[in-house]
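One letter stands for each residue in the lines below.
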Amino acid sequence: MQTLDPTPSEPPVLVEEPADLVPPKSPRRIGWARRRRALSAFWKTYRRSRMGMVGLVMMILFILLAVFGPLFVPARNVSVAFATGKPFQPPSLQWPLGTDNFGRSVLSLIVVGSRISLIVGFAATVVTMVLGAGIGIASGFYGGKTDTLLNALTNWFLVIPWIALAIVMASILGPTLLNIILIIGITSWAGTARLVRAQALTVKERPYVERARALGGGDVHTIAHHILPNVMPVIFANTVLTVALSILAETTLSLLGLGDPNSISWGGIINEAFQAGALSAGYWWWIIPPGVMIVLVVLAFTMCGYALDEIINPRLRER
Amino acid sequence: MSDPQPEPDVAELGVPVVEVEDLEVNFKGRVGFFAGLLGRKGFDAKAVDGVSITLYEGEVLALAGESGCGKTTTARAIMGLLIPDAGTIRYRGEPLARSRRGLRGYRKQVQMVFQDPTAALNPRQTIYEIVAEALRIHGVPGGPDAKTEEQLVARALSRAGLRPPERFYLLYPHELSGGQRQRVVIAGALVVDPAVIVADEPVSNLDASVRGEILALLMKLREGSRISILIVTHDLGLAWTVADRVAVMYLGRVVEVGPAEEVLQRPKHPYTKALLNVVPEAGGTERPILQGEPPDPTRIPKGCRFHPRCPVVASGRAERLGILNRCVSEDLALEEIAPGHDVACYLKGLGEEP
Amino acid sequence: MSVLSVRDLSVEYRTTGGDVPAVRGVDLEVDRGEVLGLAGESGCGKSTIAGAILRLLPAKTKITGRIELDGNDILELTPGKLRAVRWTAGSIVFQGAMHAMNPVQRIGEQIMEPILVHGQSGEREARMRAGTLLEQVGLPTRRLDDYPHELSGGQKQRIMIAMALACSPSLIVADEPTTALDVMVQAQVLQLLRTLQHDLGLALLFITHDLSVLVEVADRLAIMYAGKVVEQGGAEAVFHSPAHPYTKALAAAFPAIGDMRFRGRPSGLGGDPPDPQQIPTGCPFHPRCAEVIPACSSVVPELWTAGPARLAACVHVSGAPALEGVSR
């Protein structure tokens, strides 16, 4: 057979600098440099969103409050047995937000309660995300019978009224903090799963996924390196919104008396106020402040979530 | 045929690397859910229907044909990206394993270059990660003279013409031009030192001006390392510039295969001639253009599958030569008409056109 | 008489990253019954010209110069008049036009739409006209009642051509009309365009990156690089004996089968097209040019005479003024 004689045309050298001037980089350093660049580019875009920045500042304030606030609250201020105030005091210089039926400072209760509300919000979100992303990716990536089955499950969780399910679960499992977190996670992953599944379905069809298979990568490799990084933005934007929803869910459960009675949370404060008849007695300082805090924290996370969504989604569309 | 071309001898073709035998790939026809309940079935499309081709060591084989002729499906079956319904694929004499481990070993040897480099690169990976991907899957080769991952990536990028390689490590695919992206895809294949590269329309999505550079790069790979290249293309002009041998496919079958000079300058199958007629050429004298489009692969014509569009049948010449009956009713296989040149047409041996 | 006359056309896109000059002073002329081929790499500004001719560019885009289409000064028309001119004086066939069809409307209604919009005839006559048009593009009249999904890619592109012909325009702008099509179908569509153009005496501006396609259909060629025309002349002459080094590289990308010079030697152009915001000094092509001389980085070449009825913007052509260090 005749062999061809390819003229070795030298591919273009893009820059005329000798290669040894550039210090060789280790893959680890390359990975970090890449992440730094991606983050700074992301921050540049995020900073332009006013809604996102306001939400972010509020969110940071709430997190600082939850982390450090309780350190400054004297234990007796929130103790039923050792409370120093008289019951049902309206706001004054001594008790800025008044006192409750045991004479505890409502302000101190709110500060301490912020920790539980945020912990439940974040922890339940982790459960939601792990369940939602896992089930969504498995459903979208594997397709076929797996998809049919998981999709049916997702739809079942989507259509069932979550509150009914949560009440049943809480009464069976018992109202501990861990159980509350699990209940919220289990009842709210379906929306995330549906979102992730849709994204996984489109990413799966991209030629670079086929390239990964042609290179010899298995399912685990493909999911870890191609599917997950490309559904991550969707998950990320969704996470922040889910934190807001989880805090609201915790409040709802506590309000219904299904919260952990041993810990103080915003929902719990309102629940106790209701039970003590604060509404009819006109003890507004006991109900309104925790309510406002809930509204503000949910608003902060929602604003951040929408700002993220706005940044991330157009990019997904153009890619 | 007057000039005696130095006929290629089968022995000279060398060592077969990939052998495909009687490959069949069907795509299942789908029907709606309720129609399915009523027992209705979709038509199966025979995308590839009995293809046998061999890729020899160090050669460039072009697989040509219109879209829908099964050339890409054949390439994907060779890559193990889909499971054939029948037939065997052998790599260096060993049938292609279906197990996960077997396939992984095979894929280290056989790498792929894609049509659309933009889509074939993960937008969230840096060039370094893309090129290193195959190394991470297969493990960086060990041994006393082992190179680090970074050295291997740098070498692959340089071989693909992206120099100095360090400059590209941190870039993302969207920061490169189309030609550079295709070089990244090629570097990602080269990094594991494959024996075979399957290139599916490697330049058809690129600007005309950069096509030559990419093809030259592919050609250059054969120097030293004896890489075999299967290039899937619709462009016979491209086959002329790069291929040692050409196989022309029509409706799931190879209808003509042989040395590029033979097939492209002295085509024997009427379909090959028709394809050559549409290669845009300067000063194009009025050449007959085949009308119509290939039939749907769910309804393959009887006999020679090209007969409904065949100009030899349409002009009545087939009838005059007394082969018309066989053309329309008898299926036929490739037959050798000259050493290494096979054609599936009843016209062979009946002389050239007047 | 020229149907389309473009004089000193410049187009700048306004983007968040600053102004991007896409077209930088282009003159073009298309006569009745003539096919002008406009070729160049992606990003050279060829599609921008197509958009400028029918004013289809984003509203903020800065367009200067003069475009005269069938006696209308396009850049000065009022929106109402512009709508009348689109389709009746000039129409366009896009690359992705096959996907631009409404999937839930019958073919016939889609062809009739421009006819009815321009108020040229009533419903019945419009339908008759649509039938005639279908036959002209080589499809049976009964296809009028089909939906787009019932057609193949080549058939859809034929429909798009029929739609472009609907109001008997003087000029058709074809922007990469065959790029997405298969080789055989591409040849069929080219043949059809050529026949229609010849029979109807249309002026055709054919835009593509594929020089070999243009040689088949065009009478004259204009080669664009970095927003400017760098070579102009008869199609055969430009393709076979290119004067500009850029055209030489483009032509070499399409080898003739049987030509042993190309066998085993794919050739192409190194490097990438310049960033429109950072066009090199002097000749914009000089960093990629195989025939570059020192003067190229400072002298901005104009379209100089490069033979009979030939123009090229290169210091090496015969009509270029004497420059220091330039030998021909």
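It should be emphasised that the depicted structure is a prediction, and the values quoted were computed from it without experimental measurement.

## A few points about the overall build of chain B
Stage number 1. Helix and strand counts for chain B come out as 15 helices and twelve strands.
Stage number 2. Burial statistics for chain B: of 354 residues in total, 53% are counted as buried.
Stage number 3. Put simply, 68% of the contacts in chain B that link residues at least 6 apart link residues at least 24 apart.

## Comments concerning the overall build of chain A
Stage number 1. A tally of helices and strands in chain A yields eleven helices and zero strands.
Stage number 2. In sequence order, chain A lays out its α and β elements as α-α-α-α-α-α-α-α-α-α-α.
Stage number 3. Out of the 319 residues belonging to chain A, those deemed buried represent 41%.
Stage number 4. Counted over contacts in chain A with a minimum sequence separation of 6, partners at least 24 positions apart contribute 70%.

## Some remarks on the environment of B:L103
Residues and elements named next belong to chain B.
Stage number 1. Mapped onto the elements of the fold, L103 is located in helix α3 (residues 100-109).
Stage number 2. Each C-alpha atom of the pair L103 and N205 lies 29 Å from the other, and the pair is 102 residues apart in sequence.
Stage number 3. Residues contacting L103, with those up to four places away along its chain left out, are G80 and A97.

## Here we look at the nonpolar core
Stage number 1. Grouped together as the largest cluster of nonpolar side chains are 288 residues, with contacts concentrated most on B:V131, B:A239, B:V248 and C:F206.
Stage number 2. The biggest single contributor to this core is helix α3 (residues 106-142) of chain A, with 15 residues.
Stage number 3. Both domain 1 (2-89 + 169-274) and domain 2 (99-164) of chain C contribute no fewer than three residues apiece to this core.
Stage number 4. For B:A239, the contacting residues outside a window of four places in its chain are B:A62, B:A64, B:T233, B:V246, B:A260 and B:L264.

## Quick look at helix α6 (residues 177-204) of chain A
Stage number 1. In this model, α6(A) (28 residues) spans 38 Å end to end at C-alpha, consistent with the 40 Å of a helix rising 1.5 Å per residue.
Stage number 2. Along α6(A), the helix axis deviates most sharply at A:W189, where the bend reaches about 40 degrees.

## As for the sheet that holds strand β5 (residues 72-73) of chain C
Within a sheet, adjacent strands bond to each other through the backbone by hydrogen bonds, running parallel or antiparallel.
Residues and elements named next belong to chain C.
Stage number 1. As summarised here, the arrangement of the four strands in space is β2-β1-β4-β5, forming an open sheet in which the pairing is antiparallel. Looking at which strands have only one partner, the edges of the open sheet turn out to be β2 (18-31) and β5.
Stage number 2. Here strand β4 (residues 62-69) pairs with β5 via two bridges, running antiparallel. Across the sheet, E68 pairs through a bridge with D73, a residue of β5.
Stage number 3. In this fold helix α1 (residues 46-53) packs onto β1 (2-15), β2 and β4, with an angle of close to 110 degrees to the strand it touches most, β1.

## A closer look at α3(A)
Residue and element names in this part refer to chain A.
Stage number 1. Given a rise of 1.5 Å per residue, 37 residues ought to cover 54 Å, and the 52 Å separating the end C-alpha atoms of α3 matches this to within 8%.
Stage number 2. The sharpest bend along α3 measures roughly 30 degrees and falls at G113.
Stage number 3. Most of α3 is tucked away, with 26 of its 37 residues classed as buried.
Stage number 4. Once α3 finishes, G143 follows within two positions and takes phi at roughly 65 degrees, a positive value.

## Overview of the sheet that holds strand β8 (residues 203-208) of chain C
All names here are of chain C.
Stage number 1. Pairing is mixed in the open sheet, where eight strands are placed in the order β6-β7-β8-β3-β9-β10-β12-β11. A strand with exactly one partner marks an edge of an open sheet, and here the two such strands are β6 (90-93) and β11 (304-305).
Stage number 2. Where strand β10 (residues 228-234) and strand β12 (residues 311-312) come together, two bridges link them in antiparallel fashion. Looking across to β12, one finds that E231 is bridged to A312.

## A word on the interface of chain C and chain B
A common way to report how large an interface is uses the accessible area buried once the components associate.
Stage number 1. Contact with chain C, which involves 40 residues of that partner, is made by 35 residues of chain B.
Stage number 2. Of all the secondary-structure elements, those providing two or more residues to the side of chain C that touches chain B are α6 (183-200), α7 (211-217), α8 (235-240) and α9 (245-252) of chain C.
Stage number 3. For the side of chain C that touches chain B, the element with the highest residue contribution is α6(C), accounting for six residues.
Stage number 4. In the side of chain C that touches chain B, the residues fall into 19 nonpolar, 13 polar and eight charged.

## Notes on the confidence of the model for chain B
Residues and elements named next belong to chain B.
Stage number 1. Residues at a pLDDT of 70 or more form 87% of chain B, whose mean pLDDT is 85.
Stage number 2. Segment residues 1-11 is flagged for pLDDT under 50; beyond a separation of four residues in sequence, or across chains, it makes 14 contacts in the model.
Stage number 3. Predicted complex metrics record ipTM = 0.83 and pTM = 0.82.

## Digging into the pairing of β10(C)
Stage number 1. In terms of burial, β10(C) is largely enclosed, as six of its seven residues are buried.
Stage number 2. Where strand β9 (residues 220-225) of chain C hands over to β10(C), the hairpin turn is made up of two residues, of which C:A226 adopts a positive phi near 50 degrees.

## With respect to the packing of helix α7 (residues 178-190) of chain B against helix α8 (residues 208-220) of chain B
Residue and element names in this part refer to chain B.
Stage number 1. It is the contact of α7 with α8, at a shortest axis distance of 10 Å, that shows an interaxial angle of 15 degrees. When the axis of α7 is compared with that of α8, the two are roughly parallel. Seen along the crossing, α7 lies across α8 with a hand that is right-handed. Seen from α7, the contacting residues are G178, G179, Q182, R183 and I186; seen from α8, they are V210, E213, I214 and L217.
Stage number 2. Here the residues of the contact of α7 with α8 sort into four nonpolar, three polar and two charged.

## A short note on the environment of C:A222
Residue and element names in this part refer to chain C.
Stage number 1. Structurally, the position occupied by A222 is in strand β9.
Stage number 2. Measuring from C-alpha to C-alpha, the distance between A222 and A312 comes to 9.7 Å, with 90 residues separating the pair along the chain.
Stage number 3. If sequence neighbours within four positions are ignored, A222 has contacts with L28, L36, L38, V229 and Q232.

## So, the environment of A:L195
Residues and elements named next belong to chain A.
Stage number 1. Within the secondary structure, L195 is located in helix α6.
Stage number 2. The partly exposed category is assigned to L195, around which 18 C-beta atoms lie within 10 Å.
Stage number 3. Spatially, the C-alpha atoms of L195 and G132 are 8.7 Å apart, while their sequence positions differ by 63 residues.
Stage number 4. The contact partners of L195, leaving out residues within four places of it in the chain, are G136, V234 and N238.

## Section: the packing of α3(A) against α6(A)
Residue and element names in this part refer to chain A.
Stage number 1. In contact at an axis separation of 5 Å, α3 and α6 are set at 35 degrees when each is read in the N-to-C sense. Note that α3 runs across α6; the crossing there is right-handed.
Stage number 2. When the residues that make up the contact of α3 with α6 are grouped by side-chain class, the tally is 20 nonpolar, eight polar and three charged.

## What about the pairing of β8(C)?
Residues and elements named next belong to chain C.
Stage number 1. Of all six residues in β8, six are buried, a share of seventy percent or more.
Stage number 2. Residue alternation in β8 divides its side chains into two sets, A203, L205 and I207 and L204, F206 and T208, and both sets are buried.
Stage number 3. The sheet contact formed by strand β3 (residues 35-39) and β8 spans five bridges and is parallel. Looking at β8, one finds that L38 is bridged to I207.
Stage number 4. Across five bridges, the pairing between strand β7 (residues 171-175) and β8 is parallel. For L171, the partnering residue across the bridge sits in β8 and is A203.
Stage number 5. In this view, the connection linking β7 to its parallel neighbour β8 by way of α6 has right-handed handedness.

## Concerning unusual backbone geometry
Stage number 1. The step from B:R163 to B:P164 runs through a cis peptide bond, and the omega angle for that step is -10 degrees.
Stage number 2. Inspection of the secondary structure puts B:P164 in the loop between α6 (149-159) and α7.
Stage number 3. Even without a glycine there, the phi angle at C:W87 is positive, about 80 degrees.
Stage number 4. Phi is positive for C:S168, close to 45 degrees, though the residue is something other than glycine.
Stage number 5. Relative to the helices and strands, C:S168 is located in the loop between α5 (153-165) and β7.

## Side note on the confidence of the model for chain A
All names here are of chain A.
Stage number 1. Of the residues in chain A, 88% have a pLDDT of 70 or more, and the chain-wide mean is 82.
Stage number 2. Mean pLDDT values for the elements of chain A range from 78 in helix α1 (residues 27-47) up to 92 in helix α4 (residues 144-159).
Stage number 3. This stretch, residues 1-24, has a pLDDT under 50; its non-local contacts, to residues over four places away or in other chains, come to 38 contacts.
Stage number 4. Per-residue pLDDT stays below 50 along residues 314-319; that stretch engages in two contacts with residues further than four places along the chain or on separate chains.

Cut-off values and rules
Residues numbered from 1 in each chain as written. Chains lettered and ligands numbered in written order. Predicted model: local features only at pLDDT ≥ 70, side-chain atom pairs only at ≥ 80, totals over all residues. Helix = DSSP H or I, 4+ residues; strand = E, 2+ residues; numbered from the N terminus. Buried ≥ 20, exposed ≤ 12 C-beta atoms within 10 Å, placed from the backbone. Contact = placed C-beta atoms within 7 Å. Core = buried A, V, L, I, M, F, W, Y, C linked by C-beta atoms within 7 Å. Domains from an automatic or database assignment. Expected span 1.5 Å × (residues − 1). Bend = angle between axes of the 7 residues up to and from the residue. Pairing = 2+ DSSP bridges. Axes fitted to C-alpha atoms, helices over the stretch in contact; angles between N-to-C directions. Nonpolar A, V, L, I, M, F, W, Y, C, P; charged D, E, K, R; others polar. pLDDT = per-residue confidence, 0-100. Parallel < 35°, antiparallel > 145°, perpendicular 65-115°, else oblique. Left-handed = near helix turned anticlockwise from the far one by under 90°. Right-handed = clockwise from strand over helix to strand, strands pointing away.

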